[in-house]
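Understanding the architecture of this molecule
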Amino acid sequence: MNSTLSLNRPVRNYTLGSFKNPKLIEARPSRHQLCSHLIDFSKLKWFGNVNSRTGSSVQQQLRDYSGESRRITSRRIRVSSNDAQFGSFPNKGGTESSSFAEFITSERVKVVAMLALSLALCNADRVVMSVAIVPLSLAHGWSRSFSGIVQSSFLWGYLISPIAGGTLVDYYGGKAVMACGVTLWSLATFLTPWAAENSLLALLFARAMLGVAEGVALPCMNNMIARWFPSTERARAVAMAMAGFQLGNAIGLTLSPILMSQGGIFGPFVIFGLCGFLWVLVWLSATSSTPDRSPQISKYELDYIMNKRQKSHAVESKPKTKMIPPFRRLLSKMPTWSLIVANAMHSWGFFVILSWMPIYFNSVHHVDLRQAAWFSAVPWCMMALTGYLAGLWSDTLIRNGTSITLTRKIMQSIGFVGPAVALVGLTAAKTPSTASAWLSLAVGLKAFSHCGFLVNLQEIAPHYSGVLHGLSNTAGTFAAIFGTVGAGFFVELVGSFQGFLLLTSLLYFLAALFYIKFSTGERVNFDESDS
């Protein structure tokens, strides 16, 4: 006996004839429409029991009509299982928000987690020398200024690759370029012990090659996030990736002394190099360059990403970027210079703190090497946490109607003015604990700038985000070299770390004012000259 659904209206039996009624189906259904009808039939079970023989007849009729039901049915079964898990389909406007459960288990989070791991290795490989430089200086009799030169050799290579690497990222995509970059920098790290045992020139060359390879890391990260995340989630995604970047500092600073005590000065170089090779194998086998090329992504997630992505910022809405970008037009816009200045100041502060804080705690507060590494590592853990919270807040502001321009300026102001104030406090600290607290505050607030200029790169130039990141990174590398080497000479001439920290604080204030004045969250047209 047939069972039907009653909703305070005349009872109607759903039969094959009713589905053939031209009033219900006005036109001959296409293949895409057949797929949609099949979903509607299955949904009838949510509202009551439908005659099983009728349902079978309808599906049989569709089989006879289309001749492709196996492919369609299997595809819809896969989609239904994912959609049922998360409870809703994306609507045509794509206005709904992704739930936390969907977000944290999604394919796009797997991609950003792999990016975070690569950035953790990136920083762990570069920060090892900040710890190893102390015993190496003692063994070879290097002065403070020459120690700064050795540490800055990484930046010599880093100066070369960002623009070329960013151009390659825009042209070939982030997946392939990131795999090549991690392979090369892991090889350079692994060979550092051999280079150091042979000659100083070989050591400098190995560190420079590390910089060349790592110059592509952040442009690749920006490229992958721009393709995998809608605009309302990009700040959060960048914060997650950069959390790995900061944790890499903490991992390198804390594990390096332990590994050095067990395996010699060069133990951490070997371990971190091998970890990089393992990461490349997983990256190539488990990720895709874009969501539509991923065999693991659900239909729900793919529809969500495509529907939520703003049409004007869609990376795929235009033919592949030209191999030679319009450098002149890129540099003719003040929003570009706001990003260049912000990246330069960010890199100055970042590398000065990264390279000199272990020596600062050792010489100013007289703590031993292992304690100095721990004191220097705590702020980077704080940066990873505050960076993610900043990303959540930034995305929430945009979803609640705050303009992208204002949101980026708020984040960047906190990211520069906050460290400027905290560094002043650091210079007045009398104990290692107080100094570590001020340094943690400075580095933690610095993470807000990741939701300022770093995300802003994707917004003003989605098609040139790689090369624009390369341009700003090159300026940042010049600033980092000048700051890292200059700190050593400054301390030798003046005899005080505190004076250099006060200079850095002043520069933070000036860079914040420049960004507030000239930045924008709107897309800038770099493809046409101003009329």
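Just so it is clear, the structure is predicted and the values come from calculations on it, not from any experiment. Think of each chain on its own: its residues are numbered from 1, step by step along the sequence as written. Restriction of local features to residues with pLDDT of at least 70 applies here, the model being predicted, together with a cutoff of 80 or more for giving and counting side-chain atom pairs; totals for whole chains, interfaces and linings are based on all residues. Excluding hydrogens and water, the side-chain values take into account all heavy atoms of the structure.

Overview of the side chain of Lys409
This is how it is decided: The numbering of helices and of strands both runs from the N terminus, where a helix is a DSSP run of H or I of at least 4 residues and a strand a run of E of at least 2. The cut-offs for exposure are 20% and 50% of the maximum accessible area for each residue type, with area from a 1.4 Å probe on protein chains only; residues under the lower value are buried, those over the upper are exposed, and the others partly exposed. Counted charges follow a simple rule, with Lys and Arg positive, Asp and Glu negative, and His plus the chain ends left uncounted. The salt bridge definition used is simple: a Lys or Arg side-chain nitrogen within 4 Å of an Asp or Glu carboxyl oxygen. When checking whether two residues touch, look at their non-hydrogen atoms; a contact exists if any pair is within 4.5 Å.
Relative to the assigned elements, Lys409 resides in helix α17 (residues 404–427). For the buried residue Lys409, which engages in no salt bridge, the nearest side chain bearing the opposite charge is Glu522, 10 Å off. In contact with Lys409, not counting residues within four places along its chain, are Tyr515, Ile516 and Ser519.

Examining the packing of helix α15 (residues 334–364) against helix α21 (residues 497–518)
What counts, and what does not: What counts as an axis is a line fitted to C-alpha atoms, over the stretch in contact for a helix, and the angles between N-to-C directions run from 0 to 180 degrees. Note on angle classes: values under 35 degrees are labelled roughly parallel, values over 145 roughly antiparallel, values of 65 to 115 roughly perpendicular, and the remainder oblique. The handedness criterion is simple: a crossing whose near helix is rotated anticlockwise from the far helix by less than a right angle is left-handed, and one whose near helix is rotated clockwise is right-handed. Throughout this entry, Asp, Glu, Lys and Arg are counted as charged residues, while Ala, Val, Leu, Ile, Met, Phe, Trp, Tyr, Cys and Pro are counted as nonpolar. The remaining residues, Gly among them, count as polar.
Taken N-terminus to C-terminus, the directions of α15 and α21 make an angle of 160°; their axes are 10 Å apart at the nearest point. Taken together, the axes of α15 and α21 lie roughly antiparallel to each other. For the pair α15 and α21, the sense of crossing is left-handed. Residues belonging to the contact of α15 with α21 are distributed by class as follows: 23 nonpolar, 5 polar and no charged.

Topic: a nonpolar patch on the surface
Filter applied, for reference: The residues that make up patches have over 30% relative accessible area and no salt bridge, and they are joined within 9 Å when like-charged or within 5 Å when they are Val, Leu, Ile, Met, Phe, Trp or Tyr. For the area figures, the Shrake-Rupley method with a 1.4 Å probe applies, and any residue is considered shielded solely by the protein chains shown.
On the surface, Leu184, Leu187, Phe190, Leu191, Trp194 and Leu274 cluster together into a nonpolar patch covering about 550 Å² of accessible area. The element that contributes the greatest number of residues to the nonpolar patch is helix α8 (residues 174–198), accounting for 5 residues. Position of Leu184 among the secondary structure elements: in helix α8. Since its relative accessible area comes to 33%, Leu184 is described here as partly exposed.

Examining the confidence of the model for the protein chain
Which entries qualify depends on this criterion: pLDDT is defined as a per-residue confidence score from the predictor, taking values between 0 and 100.
Here the protein chain averages 76 in pLDDT, and 76% of its residues register 70 or above. Of all the helices and strands in the protein chain, helix α4 (residues 69–86) carries the lowest mean pLDDT, 38, while α17 carries the highest, 93. With pLDDT under 50 throughout, residues 1–96 is counted as low confidence; its partners more than four residues away or in other chains account for 76 contacts. Here residues 311–320 is a poorly scored stretch, pLDDT under 50, and it has 21 contacts once near neighbours within four places are set aside; other chains count.

Examining the packing of aromatic side chains
Inclusion rule: Aromatic rings from Phe, Tyr and Trp, taking only the six-membered ring of Trp, are treated as a pair when their centres fall within 6.5 Å; an angle between ring planes under 30 degrees marks them as stacked, one over 60 as edge-to-face, and anything in between as tilted. Only when the NZ of Lys or the CZ of Arg is both within 6 Å of the ring centre and within 35 degrees of the ring normal is a charge said to sit over the ring.
For the coordinates displayed, the defined rule picks out 15 aromatic pairs. Centroid distance Phe245 to Phe350: 5.6 Å. Interplanar angle 20°. Geometry classified as stacked. One end of the pair, Phe245, is in helix α11 (residues 234–263); the other, Phe350, is in helix α15, with 105 residues separating them in the sequence. The burial state of Phe245 is the same as that of Phe350; both residues are buried. Members of the aromatic cluster, joined through ring pairs, are Phe154, Tyr158, Phe245, Phe350 and Phe351. Lying across the ring of Tyr158, Arg126 places its NZ or CZ 5.4 Å from the centre.

Concerning the nonpolar core
The line we're drawing: Residues belong to a common nonpolar core when they are buried Ala, Val, Leu, Ile, Met, Phe, Trp, Tyr or Cys residues joined through side-chain atoms within 4.5 Å. Domain start and stop points were drawn from an automatic or database domain assignment.
Counting residues in each nonpolar core, the largest one holds 121 residues, and the members touching the most others are Met221, Ile225 and Trp380. Looking at which domains feed residues into this core, each of domain 1 (106–312) and domain 2 (325–530) gives three or more.

Side note on the pattern of salt bridges
Evaluation of the coordinates by the stated rule reveals 7 salt bridges. Here Glu107 ties to Lys110 by a salt bridge, and the two come within 2.7 Å at their closest N and O atoms. With Glu107 and Lys110 both in helix α6 (residues 107–140) and 3 residues apart, the pair spans about one turn of that helix. Linking Arg408 and Glu459 is a salt bridge whose minimum nitrogen-to-oxygen distance equals 2.6 Å. In this pair, Arg408 sits in helix α17 while Glu459 sits in helix α19 (residues 453–460), placing the two residues 51 residues apart along the sequence. In this pair, the class of Arg408 matches that of Glu459, namely buried. If you follow the salt bridges from partner to partner, you end up with Arg108, Glu233 and Glu301 in one network.

Some words on the packing of α6 against α8
Where α6 meets α8, the axes come as close as 11 Å, and the angle between the chain directions of the two elements is 30°. As far as their axial angle goes, α8 and α6 are roughly parallel. Between α6 and α8 the crossing geometry is left-handed. Residues Leu115, Ser118, Leu121, Cys122 and Asp125 of α6 form the contact with α8, whose participating residues are Met178, Val182, Trp185 and Thr189. Taken together, the residues of the contact of α6 with α8 sort by class into 6 nonpolar, 2 polar and 1 charged.

Some points on the environment of Ala435
Note that Ala435 resides in helix α18 (residues 432–446). Ala435 gets classed as buried once you look at its relative accessible area, which sits at 0%. For the pair Ala435 and Gly425, spaced 10 residues apart in sequence, the C-alpha separation works out to 8.1 Å. Those residues in contact with Ala435 that sit more than four places away from it in its chain are Phe361, His365, Leu426 and Ala429.

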